[in-house]
Amino acid sequence: MNVSPDRNQQAHAAGGSCENLPRHVAFIMDGNGRWATARGLPRTEGHRQGLEALRGTIRHAGKLGIEVVTIYSFSSENWNRPQTEVSFLMGLLRRFVQRDLSELHDANVRIRVIGGREDLEKGILALLEEAEQLTRNNTGLNLVVAFNYGARAEIARAARKLSLQVAQGHLNSEDITEDAISQALDTYGLPDPDLIVRTSGEMRLSNFLLWQAAYSEFYFCEKHWPDFDEAAFDEALSCFSNRQRRYGGLDAEAL
Ligand code: IPE
Ligand code: IPE
Ligand code: MG
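Residues numbered from 1 in each chain as written. Chains lettered and ligands numbered in written order. Predicted model: local features only at pLDDT ≥ 70, side-chain atom pairs only at ≥ 80, totals over all residues. Heavy atoms only, no water.

**Here we look at the pairing of strand E6 (residues 217–220)**
The side-chain alternation of E6 yields one buried face, formed by Glu-217 and Tyr-219, and one unburied face, formed by Phe-218 and Phe-220. Two strands pair when backbone bridges link them, and strand E5 (residues 195–198) and E6 are joined in this way by four bridges, in the parallel orientation. Pairing of Leu-195 across the sheet is with Glu-217, part of E6. (Buried < 20%, exposed > 50% of the residue type's maximum accessible area, 1.4 Å probe, protein only. Helix = DSSP H or I, 4+ residues; strand = E, 2+ residues; numbered from the N terminus. Pairing = 2+ DSSP bridges.)

Set out below in structure tokens:
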């Protein structure tokens, strides 16, 4: 893997021990509800604490010099939850953007939102667009917020986009290559995730980054998301640094 010495120096300075720092780490922040239930608290309290864990994770990623962090904040299937929980999660996202945006901007974080935008409530859409607009020229950590996101819906959107270009005569069907599909996805221009972390013991993708995860490394941990701290993040990174990525080829020593 091509890792710039700068980022590894930053990792060491921040106390990390990673030799191979991933460029892109994606988080499936799972287990907020279970965290709360185990403490006799309402599920919403788990989401509130989960936001604290997210703030810590973003800070740590910035210190380490990771280029891209993607967070699965609300899936296109999460609308199936009880209305009270959905409303709480929408309120939390609003508060996160309203309270944290200026701080993230000052920290040179660039925010990008992926997921369906068509049916979003206008107020939320405006806030998300404001976050993207304000931070668009920042050069630090890229924070990709997957909101109302489902990978199959994203791939279907990309297919519709490309087929329209073919129908309008702007694209030949032979030019629908892997690259063309990647560029038509919400994540265009971003490197694929090197590492996908899922908390809370569940070992599935739940419709997250299906196309982009073709060669991602996976790391599952038992901790619930609100308990995910710097040490847990460092552990995931250290585990990643020992993975052998072959992309279908062979290790150098086997050649
Ligand atoms: C993740 O925690 C947050 C969202 C999906 C929005 P959950 O709410 O899924 O927590 P569990 O999995 O029920 O414990
Ligand atoms: C995935 O978690 C979505 C987010 C973390 C936002 P879920 O809790 O919704 O996934 P399932 O239902 O356990 O597969
Ligand atoms: Mg869950």
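**Observations regarding the site of ligand 2**
Ligand 2 sits among Ile-28, Met-29, Asp-30, Tyr-72, Ser-73, Phe-74, Asn-78, Arg-81, Arg-198, Arg-204 and Ser-206. Here Asn-78 contributes a side-chain N or O atom positioned 2.9 Å from an oxygen atom of ligand 2. Side-chain polar atom of Arg-81 to an oxygen atom of ligand 2: 3.2 Å apart, as the coordinates give it. Isolated, ligand 2 exposes 390 Å² of accessible area, and the fraction of that covered by the protein chains is 78%. When residues in the shell around ligand 2 are grouped by element, the largest group, three residues, is from strand E2 (residues 68–75). Split by residue class, the shell around ligand 2 holds four nonpolar, three polar and four charged. (Near = heavy atom within 4 Å. Polar contact = N/O pair within 3.5 Å; in protein donor to acceptor, adjacent residues only side chain to side chain. Areas by Shrake-Rupley, 256 points an atom, 1.4 Å probe, with all protein chains shown as cover. Nonpolar A, V, L, I, M, F, W, Y, C, P; charged D, E, K, R; others polar.)

**Brief notes about the sheet that holds strand E3 (residues 110–114)**
If you trace the six strands from one edge of the open sheet to the other, you get E3-E4-E2-E1-E5-E6, paired in parallel fashion. Only two strands of the sheet have a single neighbouring strand rather than two, namely E3 and E6. Between one strand axis and the next, the sheet turns by 20° as a mean value, whatever way the strands run. (Axes fitted to C-alpha atoms, helices over the stretch in contact; angles between N-to-C directions.)

**Some details on the confidence of the model for the protein**
Looking at the protein as a whole, its pLDDT mean stands at 94, while 93% of the residues score no less than 70. Ignoring residues within four places in sequence, the model shows residues 1–5, a span with pLDDT below 50, making 11 contacts including any to other chains. (pLDDT = per-residue confidence, 0-100. Contact = heavy atoms within 4.5 Å.)

**Focus: the site of ligand 1**
Taken together, 13 residues lie near ligand 1, and Met-29, Asp-30, Arg-34, Arg-43 and Arg-81 sit nearest. At 2.7 Å, a backbone N or O of Arg-34 approaches an oxygen atom of ligand 1. Arg-81 is positioned with one of its side-chain polar atoms (N or O) 2.7 Å from an oxygen atom of ligand 1. Considering ligand 1 on its own, with 380 Å² of exposed area, one finds that the protein chains cover 86% of that surface. Secondary-structure elements contributing two or more residues to the shell around ligand 1 are helix H2 (32–37), helix H3 (43–64) and helix H4 (83–106).

**What about the pairing of strand E1 (residues 24–28)?**
Among the five residues that make up E1, five are buried, leaving the element largely enclosed by the rest of the structure. Side chains His-24, Ala-26 and Ile-28 project from E1 onto one buried face, and the interleaved Val-25 and Phe-27 project onto a second face that is buried too. Sheet analysis places E1 next to E2, joined by five bridges and oriented parallel. Counterpart to Ile-28 in the pairing with E2 is Tyr-72.

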